[in-house]
Amino acid sequence: MSTPGAAGVTDLRTYNPLVKVLGPIPVMVYVVLTRDVLTPAVVALVVFAAIALLGRVRPRVLAAIALGAPVLCLVMTFSFGMLTDPALVDDTTLLAAVGPVELWSGALETGLATALRTVALMLIVLLGGLTTTGADLVRAMTQQLRVPYRIGYAALAALRFVPRFGHELEVIRGAHRVRGVAPGRGPAVAVRRQAGYVVPLLAGGIRHAERVSLAMDARGFGAYPQRTDRLRIPFRVRDVVLLVSFWAGGAACVAVAATLA
Amino acid sequence: MKSVTTRYLMTCAAIGAAMGVLLIPANFVSAPLAAAAPMAYAPMVGLWLIGPVLALALIRRPGAAVLTTFVAGVVSSASPVGAWSIVTCLMAGVALELAFVVTLYRVWRPWLYYAAAVVFGGLYVASGWAAFNMGSMMTGVLVTFVALMIGSFVAATWLGLFLAQRLAKAGVARGLAAPRGSAEPAQVAHTDAR
């Protein structure tokens, strides 16, 4: 949400998008480099708690994460456990052997560590992703990172191209049908027919973009080095606090995992 | 920034929007797929490279790859990863663009696109190496995984170049591409480009 002055300090959506998306990167790099089970597990739990308490996501989405994360973890433990080289873990217990496939407890542990690492990373991504829209990040980039506003506004305008593609596809489909391009039934013909839409769709999109650019130039887009914005994305003291608490939280998770181990 | 025309910006935006639409379902599918069946995820990674290759080959101007992937990230942010897709997409665009920065935007031949795709594939595998602890995997699995990923990037590059050629033949973005260079789309480009 980009409404300035929204009261909720406990609402993650009101914080600066740059902090939410780029702030946790040091924590993510650290998590990628860990090899144990505890550190990513602690990070995942803390981040999930943060999403539940501050994210203001819909209950269904939250339930999907709460169910999906353990399932993902379980599936990955086995799928990556199977991929693990048995030679590295043959000092552990052999749990099962079906034909040439062997499952060692050490392999499962490696798989579990990989699974937890992935889930922790995914939750950190969701923490920023579920509370930030792409358009708000673009606005923050032009307002705080000094990205030229013409680039930012080109990206925002592109969002309006998407419904236009749907309309264009209908027109191309109709035109191809009238002209009898790739007629007939069956999956092979269907693929050929779909493939035939790609170039006209792209060409139509680019030509539309050229017309839009003429209209923008005619209205003096980019005539001044600065411009005003309808939506301001503020960078406040609380954003600095959030940034510091990301790093402090990450360090605390590492410390907790170290004492538990 | 003054030398960048609005037409160039919006052309990149259109290509980026098309790529972004393609990436929305990919964003939904990629995480569960990478988890459950890493082998099925590997051939998918090329999707992120089609747009920037297409934009660079068609427009042939500095920054086209980065700009296209930036827009693609904004458009594909309509998924659970939200604004993060901008960062993911930009990584592909910047990596491809770097190959052309290094050659000072003088080489536009297909081999440079393929070389960039292979180098980016190598870097991508290296980052996945750390995240997925790939050093602990069986050698056969590892070779297949890396081959599938690099193969996917090369196939995406081929597709991007092919589409750029077809679009240039259809007269799209005429006069926008820089007249220098030697790859095929320039044959139909006018020389009065600004």
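All of these numbers come straight from a predicted model, not from anything done at the bench. (Residues numbered from 1 in each chain as written. Chains lettered and ligands numbered in written order. Predicted model: local features only at pLDDT ≥ 70, side-chain atom pairs only at ≥ 80, totals over all residues.)

Undergrad: Please give an account of the overall build of chain B that cites residues and values.
TA: A count of helices and strands for chain B gives 7 helices and 0 strands. Scanning chain B from its N terminus toward the C terminus, one meets helices and strands in the order α-α-α-α-α-α-α. When its C-alpha atoms are laid out on the principal axes, chain B stretches across 55 × 35 × 30 Å. Every one of the 194 residues in chain B was classed for burial, and the buried ones make up 52%. Taking as baseline every contact in chain B between residues at least 6 positions apart, the subset at least 24 positions apart corresponds to 68%. (Helix = DSSP H or I, 4+ residues; strand = E, 2+ residues; numbered from the N terminus. Buried ≥ 20, exposed ≤ 12 C-beta atoms within 10 Å, placed from the backbone. Contact = placed C-beta atoms within 7 Å.)

Undergrad: Describe in detail the overall build of chain A, supporting the description with residues and values.
TA: Counting its secondary structure elements, chain A contains 11 helices and 2 strands. The linear arrangement of helices and strands in chain A, starting from the amino end, is α-α-α-α-α-β-β-α-α-α-α-α-α. Scaling as 2.2 N^0.38, a compact globule of 261 residues should have a C-alpha radius of gyration of about 18 Å, whereas chain A reaches 25 Å, well beyond that. With the C-alpha coordinates aligned to their principal axes, the bounding extent of chain A is approximately 70 × 60 × 30 Å. Counting the 261 residues in chain A, one finds 36% classified as buried. (Rg over C-alpha atoms; globule rule 2.2 N^0.38 Å.)

Undergrad: Explain helix H8 (residues 149–158) of chain A to me, and be specific about the residues and the numbers.
TA: Burial analysis of H8(A) places 8 of its 10 residues in the buried class, which makes it a mostly covered element. Along its buried surface, H8(A) packs onto helix H7 (134–143), helix H9 (161–179) and helix H10 (187–218) of chain A together with helix H1 (6–36) and helix H4 (64–75) of chain B.

Undergrad: Break down the interface of chain A and chain B for me, with residues and values.
TA: With 57 residues of chain A at the contact, the number on the chain B side is 48 residues. Counting residues per element, the ones that place at least two in the side of chain A that touches chain B are helix H1 (17–22), helix H2 (25–33), helix H4 (59–83), helix H6 (105–129), H7, H8, H9 and H10 of chain A. Among the elements that line the side of chain A that touches chain B, the one with the most residues is H10(A), at 14 residues. Here the residues of the side of chain A that touches chain B sort into 36 nonpolar, 14 polar and 7 charged. (Nonpolar A, V, L, I, M, F, W, Y, C, P; charged D, E, K, R; others polar.)

Undergrad: So what's going on with the domain arrangement of chain A? Residues and values would help.
TA: Split by domain assignment, chain A resolves into domain 1 (12–141 + 233–260) and domain 2 (148–218). A straight line from the C-alpha centre of domain 1 of chain A to that of domain 2 of chain A covers 38 Å. (Domains from an automatic or database assignment.)

Undergrad: With reference to specific residues and values, describe unusual backbone geometry.
TA: Glycine aside, negative phi is the norm for most residues, and most peptide bonds take the trans geometry. Here A:Arg56, not a glycine, exhibits a phi torsion of approximately 55 degrees, which is positive. In this structure, B:Tyr105 is a non-glycine residue whose phi angle is positive, near 55 degrees. The residue B:Tyr105 is located in the loop between helix H5 (84–102) and helix H6 (110–132) in this model. On the basis of neighbour counts, which here come to 17 C-beta atoms within 10 Å, the residue B:Tyr105 falls in the partly exposed class.

Undergrad: Describe in detail the packing of H2(A) against H6(A), supporting the description with residues and values.
TA: All names here are of chain A. Orientation of H2 relative to H6, taken along the N-to-C sense of each, is 170 degrees, at an axis distance of 9 Å. For the element pair H2 / H6, the angle class is roughly antiparallel. Side by side, H2 and H6 meet where Val27, Met28, Val31 and Val32 of the first sit next to Arg117, Ala120, Leu121 and Ile124 of the second. Looking at the contact of H2 with H6 residue by residue, the class counts come to 7 nonpolar, no polar and 1 charged. (Axes fitted to C-alpha atoms, helices over the stretch in contact; angles between N-to-C directions. Parallel < 35°, antiparallel > 145°, perpendicular 65-115°, else oblique.)

Undergrad: Report on the packing of helix H3 (residues 38–54) of chain A against H6(A), specifying residues and quantitative values.
TA: Residue and element names in this part refer to chain A. For the pair H3 and H6, the least separation of the axes is 8 Å and the interaxial angle reads 25 degrees. The orientation of H3 relative to H6 falls into the category roughly parallel. For the crossing formed where H3 meets H6, the hand is left-handed. Across the interface between the two elements, Pro40, Ala41, Val43, Ala44, Val47, Phe48, Ala50 and Ile51 from H3 touch Leu116, Arg117, Val119, Ala120, Leu123, Ile124, Leu126 and Leu127 from H6. Grouping the amino acids of the contact of H3 with H6 by side-chain chemistry returns 15 nonpolar, no polar and 1 charged. (Left-handed = near helix turned anticlockwise from the far one by under 90°.)

Undergrad: An account of H7(A) is needed here, citing residue identities and associated values.
TA: In terms of residue burial, H7(A) counts as a mostly covered element, since 8 of its 10 residues are buried. Looking only at H7(A), the buried set comprises A:Gly134, A:Asp136, A:Leu137, A:Val138, A:Arg139, A:Ala140, A:Met141 and A:Thr142. Tucked inside the fold, the buried residues of H7(A) contact H1 and H8 of chain A together with H4 and H5 of chain B.

Undergrad: Tell me about the nonpolar core, residues and numbers included.
TA: Counting residues in each nonpolar core, the largest one holds 126 residues, and the members touching the most others are A:Leu123, A:Ala158, B:Ala13 and B:Val71. Of the residues forming this core, the biggest block, 15 residues, is contributed by H6(A). When residues no more than four places from it in sequence are discounted, the contact partners of B:Val71 are A:Ala154, A:Ala155, A:Ala158, B:Cys12, B:Ala13, B:Gly16, B:Ala17 and B:Gly20. (Core = buried A, V, L, I, M, F, W, Y, C linked by C-beta atoms within 7 Å.)

Undergrad: Give me the lowdown on the confidence of the model for chain B, citing residues and values where you can.
TA: All names here are of chain B. The predicted model of chain B averages 85 in pLDDT, with 90% of residues at 70 or higher. Within the model, pLDDT remains below 50 along residues 180–194, and this stretch shows 36 contacts once partners closer than five positions in the same chain are excluded. Here the complex is predicted with pTM 0.86, and the ipTM for its interfaces comes to 0.86. (pLDDT = per-residue confidence, 0-100.)

Undergrad: Give a detailed account of the environment of A:Asn16, specifying residues and quantitative values.
TA: Residue and element names in this part refer to chain A. Relative to the assigned elements, Asn16 resides in the segment before H1. A tally of 24 C-beta atoms within 10 Å means that Asn16 is categorised as buried. Taking C-alpha positions, Asn16 is 8.3 Å from Leu137, a pair spaced 121 residues apart along the chain. With sequence-adjacent residues up to four places away left out, Asn16 is seen in contact with Ala140, Ile233, Phe235 and Asp239.

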